[in-house]
Amino acid sequence: MNKSSYKNSTKTAIGGIIAALSIVLMLLTSVIPTLTYAIPAIAGLLLVIIVIEVNKKWAFGVYFVVGVLSMLLVADKEAAVMYVMFFGYYPIIKAMIENKLRKALSWFLKFLIFNVSMILAFLIVTYVFKVPFEEMKKYGAIAAWLLLALGNVVFLIYDIALTRLITLYVLKWRKNFKRIFKS
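Values in this document were obtained by computation on a predicted structure and should not be read as measured data.

A. Structural detail: the packing of aromatic side chains. Under the criterion given, the structure shown has 15 aromatic pairs. The interplanar angle of 20° and the centroid separation of 4.9 Å between the aromatic rings of phenylalanine 86 and tyrosine 90 together place this pair among those described as stacked. Taken individually, phenylalanine 86 and tyrosine 90 each receive the classification buried, so the pair is uniform in this respect. Ring centres 6.4 Å apart and planes at 55° place the aromatic pair phenylalanine 86 and tyrosine 158 in the tilted group. In this pair, phenylalanine 86 is assigned in helix 5 (residues 77-87) and tyrosine 158 in helix 9 (residues 142-180), connecting sequence segments 72 residues apart. This pair shows no difference in class: phenylalanine 86 is buried, exactly as tyrosine 158 is. An aromatic cluster of at least three residues, connected via ring pairs, comprises Tyr63, Tyr83, Phe86, Phe87, Tyr89, Tyr90, Trp107, Phe111, Phe114, Phe155 and Tyr158.

B. Spatial organisation of the side chain of threonine 10. Here threonine 10 shows up in helix 1 (residues 8-31). According to the relative accessible area criterion, threonine 10 is buried, its value standing at 11%. In this structure threonine 10 touches Phe181 and Lys182, once residues within four positions along its chain are discounted.

C. Quick look at helix 6 (residues 90-100). Of the residues making up helix 6, those classed as buried are Tyr90, Pro91, Ile92, Ile93, Lys94 and Ile97. For helix 6, the elements touching its buried residues are helix 2 (38-45), helix 3 (47-53), helix 4 (56-73), helix 5, helix 7 (103-128) and helix 9.

D. Representation of the layout of surface pockets within the structure. A volume near 780 Å³ is recorded for the largest pocket. Forming the walls of the largest pocket are 30 residues, and the residues nearest its centre are Tyr37, Met82, Met118, Leu147 and Leu148. Secondary structure elements with two or more residues in the lining of the largest pocket: helix 5, helix 7, helix 8 (134-139) and helix 9. The greatest single-element share of the lining of the largest pocket, amounting to nine residues, is contributed by helix 9. For the lining of the largest pocket, the class distribution of residues is 25 nonpolar, two polar and three charged. The space that makes up the second largest pocket amounts to roughly 220 Å³.

E. Expanded view of the nonpolar core. Within the largest apolar cluster, 47 residues are counted, with the highest numbers of intra-cluster contacts made by Ile14, Ile18, Leu47, Ile50, Phe86 and Tyr158. Sorting the residues of this core by element identifies helix 1, helix 2, helix 3, helix 4, helix 5, helix 6, helix 7 and helix 9 as the ones contributing at least two each. Examining the composition of this core, we find that eight residues originate from one element, helix 5, more than from any other. Each residue touching isoleucine 14, except ones within four places of it in the same chain, is listed here: Tyr6, Ile50, Val54, Phe177 and Phe181.

F. Quick look at a nonpolar patch on the surface. A cluster of nonpolar residues, Leu105, Phe108, Leu112, Val116, Ile119, Leu120, Leu123, Tyr127, Tyr139, Ile142, Trp145 and Leu146, forms a patch on the protein surface that exposes about 1,200 Å² of accessible area. Among the secondary structure elements, those contributing two or more residues to the nonpolar patch are helix 7 and helix 9. Residue contributions to the nonpolar patch peak at eight residues, all from helix 7. With respect to the helices and strands, the residue leucine 105 is situated in helix 7. On the basis of relative accessibility, which here comes to 45%, the residue leucine 105 falls in the partly exposed class.

G. Structural view of helix 7. For helix 7, spanning 26 residues, the distance from its first C-alpha to its last is 36 Å, which sits close to the expected 38 Å at 1.5 Å a residue. Packed against the buried residues of helix 7 are helix 5, helix 6 and helix 9. Lysine 130 occupies a position one or two residues after helix 7 and carries a positive phi of about 55°.

Calculation criteria
Residues numbered from 1 in each chain as written. Predicted model: local features only at pLDDT ≥ 70, side-chain atom pairs only at ≥ 80, totals over all residues. Heavy atoms only, no water. Phe/Tyr/Trp six-rings, centres within 6.5 Å; stacked < 30°, edge-to-face > 60°. Buried < 20%, exposed > 50% of the residue type's maximum accessible area, 1.4 Å probe, protein only. Helix = DSSP H or I, 4+ residues; strand = E, 2+ residues; numbered from the N terminus. Contact = heavy atoms within 4.5 Å. 1 Å grid on protein atoms, 1.4 Å probe; cavity = no way out; pocket = protein on both sides within 12 Å on 5 of 7 lines; lining within 4 Å. Points joined across faces, edges and corners; volume = space filled by probe spheres on them. Nonpolar A, V, L, I, M, F, W, Y, C, P; charged D, E, K, R; others polar. Core = buried A, V, L, I, M, F, W, Y, C linked by side-chain atoms within 4.5 Å. Patch = residues over 30% accessible without salt bridge, like charges linked within 9 Å, V, L, I, M, F, W, Y side chains within 5 Å. Areas by Shrake-Rupley, 256 points an atom, 1.4 Å probe, with all protein chains shown as cover. Salt bridge = Lys/Arg side-chain N within 4 Å of Asp/Glu carboxyl O. Expected span 1.5 Å × (residues − 1).

Below you can see the structure in the form of structure tokens.
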């Protein structure tokens, strides 16, 4: 079954289910605040299913819906901004970057996207939503740069894990998905 074999109603159902699951996950950041970064990453991971089974255009549509609803409904604005500024769209563009560029250049671009996204997210959270960054008071601006450096290490692990989860989905879980969503 190729991507074009799904009817629009099936594509809409898949998008709706993924969007609903993503919103429920994003709402959990209010209940489990220690997962401010992990939950948006998991919600973004769900978009991989749409990229593989439908196409990138539908995945961006679901990303947009989840992003808007997260900004409106999720109490943890830091998590919502993290989803919108990075975790929501990165799984969609990851394959495009890796398929079109050489390995070294793709890694450079992925790290560039990550760093620009994180700096913008930090500025939005800090100055638009007025979420205090307590470490700045204690350690000064160096705390933000150290956190970004640590974030780069975590991003490397995240990217590798994302690749492995995508491979696992394609090799093991995709047949179950196709059985559920027959066209």
